[in-house]
Amino acid sequence: MGALSYKDRRGASDLDISDLGAPDTVRYNVLTFVANEEYDRAITYLKDFLDRDSDYPNFKDRVDRYINHAIDLIFAIRTKRNFPGMSLLTKSKQNELRERYRDHFQELKSVMRKVETCQEELRLSDIKSTTVLVKSLWFSIVVVVISAVVIEIVQGLGQTFFVVFDDYLNKALEYVFQLLNIQ
């Protein structure tokens, strides 16, 4: 895992590649930048992500607090990782700083998952509203076509039916009158 693996006191890796998510996603990019100690690049990436245009109107409102919290966490991680005079501290204080760093990094992973969840929820909401719109249009078209057929039947075939019915009724009455010899 190279630069992405940080060892804790047991020697186990804190960062699993599966924690990063899919490549070229917000979570992947930010966590990779932070793991590689490119804090300014991660912060710039998050700010650009928040400022870019979105397909969803309330996207910024939903993720703004998460992005700001993630930026605060990145600052905290940087402070703990680059603590001046770290070598002068006791081992227990150094371990405490490392533990706090891991806690912040775990929280950053969680926050980035929440951002992705917001994106997914907005995408699903957009799909649902599009589905409702398409179904409404389809239903409207069906109603218009059925109405046109009914109107055509009533106006076109209805009048023809009345003429034919009237003709058969006249012929039936003439036949009855002929049988009765009434003229």
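Residues numbered from 1 in each chain as written. Predicted model: local features only at pLDDT ≥ 70, side-chain atom pairs only at ≥ 80, totals over all residues. Heavy atoms only, no water.

J.: Hey, could you run me through the packing of aromatic side chains in this one?
T.: Here the distance between the centres and the angle between the planes together describe a pair of aromatic rings. Throughout the structure, instances matching the rule amount to four aromatic pairs. Plain terms: the ring middles of Phe-33 and Tyr-45 are 6.0 Å apart, the flat faces sit at 70° to each other, and that makes the pair edge-to-face. Of this pair, Phe-33 sits in helix α1 (residues 26–35) while Tyr-45 sits in helix α2 (residues 39–51), and the two are 12 residues apart along the sequence. The ring of Tyr-101 is capped by Arg-81, whose NZ or CZ atom sits 4.8 Å from the centre of that ring. (Phe/Tyr/Trp six-rings, centres within 6.5 Å; stacked < 30°, edge-to-face > 60°. Helix = DSSP H or I, 4+ residues; strand = E, 2+ residues; numbered from the N terminus. Lys NZ or Arg CZ within 6 Å of the ring centre and 35° of its normal.)

J.: Honestly, the packing of α2 against helix α3 (residues 59–81) in this entry has me stumped. Any pointers?
T.: Between two packed helices, the angle of one axis relative to the other and the distance separating the axes together describe the packing. Orientation of α2 relative to α3, taken along the N-to-C sense of each, is 175°, at an axis distance of 10 Å. On the basis of the axis angle, α2 is roughly antiparallel to α3. For the pair α2 and α3, the contacting residues are Tyr-39, Asp-40, Ala-42, Ile-43, Leu-46, Lys-47, Phe-49, Leu-50 and Asp-51 in the first and Phe-59, Lys-60, Val-63, Asp-64, Ile-67, Ala-70, Ile-71, Ile-74, Phe-75, Ile-77, Arg-78 and Arg-81 in the second. Residues of the contact of α2 with α3, tallied by class, amount to 14 nonpolar, no polar and seven charged. (Axes fitted to C-alpha atoms, helices over the stretch in contact; angles between N-to-C directions. Parallel < 35°, antiparallel > 145°, perpendicular 65-115°, else oblique. Contact = heavy atoms within 4.5 Å. Nonpolar A, V, L, I, M, F, W, Y, C, P; charged D, E, K, R; others polar.)

J.: What exactly am I supposed to notice about α2 here?
T.: Because an α-helix completes one turn every 3.6 residues, residues spaced three or four positions apart along the sequence face the same direction. Taking 1.5 Å of rise per residue, 13 residues should cover 18 Å, and α2 covers 18 Å from first to last C-alpha, within 8% of that figure. When α2 is considered as a whole, its buried residues turn out to be Tyr-39, Ala-42, Ile-43, Leu-46, Phe-49 and Leu-50. The arc enclosing the buried residues of α2, seen along the axis, measures out at 125°, which places them on a common side. Its buried side turned inward, α2 meets α1, α3 and α4 (91–179). (Expected span 1.5 Å × (residues − 1). Buried < 20%, exposed > 50% of the residue type's maximum accessible area, 1.4 Å probe, protein only. Arc of directions from axis to C-beta.)

J.: How do you make sense of the nonpolar core when you look at a structure like this?
T.: In a soluble, globular protein the nonpolar side chains are often hidden away together inside. By size, the foremost hydrophobic cluster in this structure holds 30 residues, and its most contacted members are Val-30, Val-34, Leu-46, Ile-67, Ile-74 and Leu-108. Sorting the residues of this core by element identifies α1, α2, α3 and α4 as the ones contributing at least two each. Here the element with the most residues in this core is α3; it accounts for nine residues. Excluding residues within four positions of it along the chain, Val-30 makes contact with Ala-42, Tyr-45, Leu-46, Ile-74, Leu-108 and Met-112. (Core = buried A, V, L, I, M, F, W, Y, C linked by side-chain atoms within 4.5 Å.)

J.: What am I meant to see in α4 here?
T.: The first and last C-alpha atoms of α4 sit 125 Å apart over 89 residues, in line with the 132 Å expected at 1.5 Å per residue. Along α4, the largest kink reaches about 35° and is centred on Leu-157. Of the residues trailing α4, Asn-181 is marked for its positive phi of about 55°. (Bend = angle between axes of the 7 residues up to and from the residue.)

J.: Would you take a moment to explain the packing of α1 against α4 for this structure?
T.: Packing of α1 against α4 brings their axes to within 9 Å, and their N-to-C directions diverge by 160°. Considered as vectors, α1 and α4 are oriented roughly antiparallel to each other. The element α1 and its partner α4 pack so that their crossing is right-handed. Only Phe-105, Leu-108, Lys-109, Met-112, Arg-113, Glu-116 and Gln-119 of α4 make contact with α1, whose side of the interface consists of Val-26, Arg-27, Val-30, Leu-31, Val-34 and Ala-35. When the residues that make up the contact of α1 with α4 are grouped by side-chain class, the tally is eight nonpolar, one polar and four charged. (Left-handed = near helix turned anticlockwise from the far one by under 90°.)

J.: Is there a simple way to explain unusual backbone geometry in this structure?
T.: Negative phi characterises most residues that are not glycine, and trans characterises most peptide bonds. Even without being glycine, Glu-37 reaches a positive phi, approximately 60°. Among the structural elements, Glu-37 can be located in the loop between α1 and α2. A relative accessible area of 36% places Glu-37 in the partly exposed class.

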